[in-house]
Amino acid sequence: MTEILARTVEVTRTYGSVTALDRVSLDIHAGELVGLLGPNGAGKSTLVNLFAGLRRPTSGTVELLGGSPLDPARRRGIGVTPQETGLPPALRVGECVDFVRAHFPGAVDRGELLDRFGLADLVKRQIGGLSGGQKRRLAVALAFAGNPRLVFLDEPTTGLDVEARHALWDAVRDFHAAGGTVVLTSHYLEEIEALAKRVVVIGEGRVLTDDTMEAVRGLVGVHRVTVTVPETPDLPGVIGVEREGDRTHLLTADADALVRELVLTGVPFSGLEVRPTSLEEAFLVITGREPQPA
Amino acid sequence: MSLVLTHARYQFLETIRVPISVIGSSVFPALAMLFFVVPFTGDDAVAATYATGAMLVFAVMSACLFTYGIGVAEDRAQPWDPYLRTLPAGPLPRFTGRILTVMGIMTIAIIPVLLIAAFLTKATVTPLQLLLGLAALLLGSLPFTLMGLFIGYALPSKAAIVVAQVVFFPMAVGGGLLTGPPSTAPGFIKAIAPYLPTRGAVELVWAATTDFSPALLSLAMLTLWVVVFGGLAVWAYRRDEGRRFS
């Protein structure tokens, strides 16, 4: 069993009457590249904020590197991305990096870090004058400034063009290949697919699915077959049913076979539509029907 | 300790690179020196010394109210602030760094006033009086520091700007900072001044630099202001921490 770098045990976090996380237990092992996936408001950010020591759980425990995330010494081993809109505009890129590095005894070399994220030419520029993409790259670079064992990357490539996005993915892969642990949150399926080895889907404050990328890819193959039928026929291969007015949505892994079966039943149907479901959609429907042990 | 200096250094850099905030704190008192003190009392050594003391308090109050009040409120609104909380440091370096930064700004704010007093008026102090005066100024800045922190932690930044400005002017005028030596101030100012912290602060500076003997009432009120705003600042800080980081 590899070392557990961070974990939550039965963590619940509420904001007033809103439950952001509901008895979530999650282990992050050394060397993992975990993708946290879920719609906005699902609880991803709350989970990351708990690990980073920004919030306390309402109940349950959060552990980081063998201690409490509220202990600054534990946080020497992690790196977090700030929101790029908040970077201090008056500071120069090099100064901002130096400022963050000063907090970590084992910080990485400034020049090396800036090179890694394509920021070397910008070292003397004031942050306020950078483009949105440059700020985003700087924000991600800051997460790596302290030479962390574990980084939390929150929507790291939002707003980047394709080239910059791939360069950043390469930097994340290099960090992981050298033994680093990454927790990546995104609501972009593409980004999670490109990077993560393990995928945790969060919805309505709960862990809906926690599995390898391969297993998750199988689920992405789910299609949605929509028809207008008087009553829902009983068909093989249907893994989820949703009714919306007179329309019936059937979720299936094999849309072709399902349509063939539908025709053979002789049920009068109209308005046949077949389209791939999004990962989130598939998860929410599937796990809503058959809750997985979280 | 090195983290405190790191935070102080970068906060100072951030402040100084938006020079208008520093200029505001130093130009206004300097202009008041040039327009009011130099022509009207510049030739009277005693009156000029009193006026210089008042302008120093004016400069320090402005630096405190604006740098703390608006600075803290603006920082709270930025996502950079929660990011800093994820760095391996407690709240102390940031807090102490801010206090050092404001002291730096205060120093910059009072230099023009001191220079104008020295070269363009007959105001005189002995080196010891100067030193005592600066110490008194530092002590007298305490209620405004706490007031600024309270404003910054209790209010959103747009409100903080307005409140700092609204508080600032009556404090300066009511405390008698703009009406010359204490004996020549208009009656209503004589009546209200002892109850304002500006008066207690300036009396400390006058006592250090002239043969003025401070009134017990002013000093007692100064202490009361420190206690009240100390309590309010702590309350606002805790409330803010609890709201954002619980």
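Residues numbered from 1 in each chain as written. Chains lettered and ligands numbered in written order. Predicted model: local features only at pLDDT ≥ 70, side-chain atom pairs only at ≥ 80, totals over all residues. Heavy atoms only, no water.

> Tell me about the overall build of chain B, residues and numbers included.
Helices and strands together make up the secondary structure of chain B, namely 11 helices and 0 strands. In terms of overall size, chain B behaves like a compact globule, its C-alpha atoms giving a radius of gyration of 18 Å where 246 residues would be expected to give roughly 18 Å. Of the roughly 10800 Å² that chain B leaves accessible, carbon and sulfur atoms contribute 76%. With 14 positive and 10 negative side-chain charges, chain B shows a separation of 8 Å between the mean positions of the two kinds. (Helix = DSSP H or I, 4+ residues; strand = E, 2+ residues; numbered from the N terminus. Rg over C-alpha atoms; globule rule 2.2 N^0.38 Å. Areas by Shrake-Rupley, 256 points an atom, 1.4 Å probe, with all protein chains shown as cover. Lys, Arg positive; Asp, Glu negative; His and termini not counted. Charge placed at Lys NZ, Arg CZ, Asp CG, Glu CD.)

> Account for unusual backbone geometry, naming residues and giving values.
The phi torsion of most residues other than glycine is negative, and most of the peptide bonds are trans. All names here are of chain A. Non-glycine residue Glu-10 carries a positive phi angle of around 50°. With respect to the helices and strands, the residue Glu-10 is situated in strand E1 (residues 4–15). By relative accessible area, Glu-10 is classed as partly exposed at 42%. In this structure, Glu-204 is a non-glycine residue whose phi angle is positive, near 50°. Inspection of the secondary structure assignment puts Glu-204 in the loop between strand E8 (198–203) and strand E9 (206–212). With a relative accessible area of 73%, Glu-204 lands in the exposed category. (Buried < 20%, exposed > 50% of the residue type's maximum accessible area, 1.4 Å probe, protein only.)

> Go over the pattern of salt bridges with me, naming the residues and quoting the values.
Residue and element names in this part refer to chain A. Per the counting criterion, the structure on display carries 19 salt bridges over all chains. For Asp-98, the salt bridge identified is with Arg-110, shortest N-O distance 2.7 Å. Taken together, the residues Asp-98 in helix H2 (residues 93–101) and Arg-110 in helix H3 (residues 110–116) connect sequence positions 12 residues apart. Look at Arg-110 and you get partly exposed, because its relative accessible area is 28%. We note a salt bridge from Arg-198 to Asp-210, for which the minimum N-O separation is 2.9 Å. (Salt bridge = Lys/Arg side-chain N within 4 Å of Asp/Glu carboxyl O.)

> Tell me about the interface of chain A and chain B, residues and numbers included.
On the chain B side, the residues contacting the 29 residues of chain A number 23 residues. Carbon and sulfur atoms supply 64% of the area buried between chain A and chain B, which totals about 2400 Å² over both sides. The largest contributions to the chain A side of the interface with chain B come from Leu-54, Phe-99 and His-103 of chain A, which together make up 28% of the buried area. Ionic pairing is found between Arg-17 of chain B and Glu-95 of chain A, a salt bridge with its closest N-O pair at 2.8 Å. (Contact = heavy atoms within 4.5 Å. Buried area = accessible area lost by both parts, 1.4 Å probe.)

> Lay out the domain arrangement of chain A in plain terms, naming residues and giving numbers.
Partitioning chain A into domains gives domain 1 (4–211) and domain 2 (223–276). Averaged C-alpha coordinates put domain 1 of chain A and domain 2 of chain A at centres separated by 41 Å. (Domains from an automatic or database assignment.)

> So what's going on with the side chain of Thr-86 of chain B? Which residues, and what values?
With respect to the helices and strands, Thr-86 of chain B occurs in helix H4 (residues 80–86). A polar contact is formed between the side chain of Thr-86 of chain B and the backbone oxygen of Tyr-83 of chain B, at a distance of 2.6 Å. If we skip the residues at most four places from it in the chain, Thr-86 of chain B touches Ala-52, Leu-54, Arg-75 and Val-80 of chain A. (Polar contact = N/O pair within 3.5 Å; in protein donor to acceptor, adjacent residues only side chain to side chain.)

> Pulling in residues and values, what's your account of the UniProt feature "transmembrane region" (unreviewed entry) in chain B?
Residues and elements named next belong to chain B. With numbering aligned to this structure, UniProt lists the feature "transmembrane region" (unreviewed entry) at residues 20–41, 47–70, 99–120, 132–152, 159–178 and 215–237. Along residues 20–41, the helical share is 100% and the strand share 0%, with 29 Å between the first and last C-alpha atoms. What you have in residues 132–152 is 95% helix and 0% strand, and the ends, taken at the C-alpha atoms, are 30 Å apart. (UniProt positions renumbered as here; feature names shortened; annotations may be inferred.)

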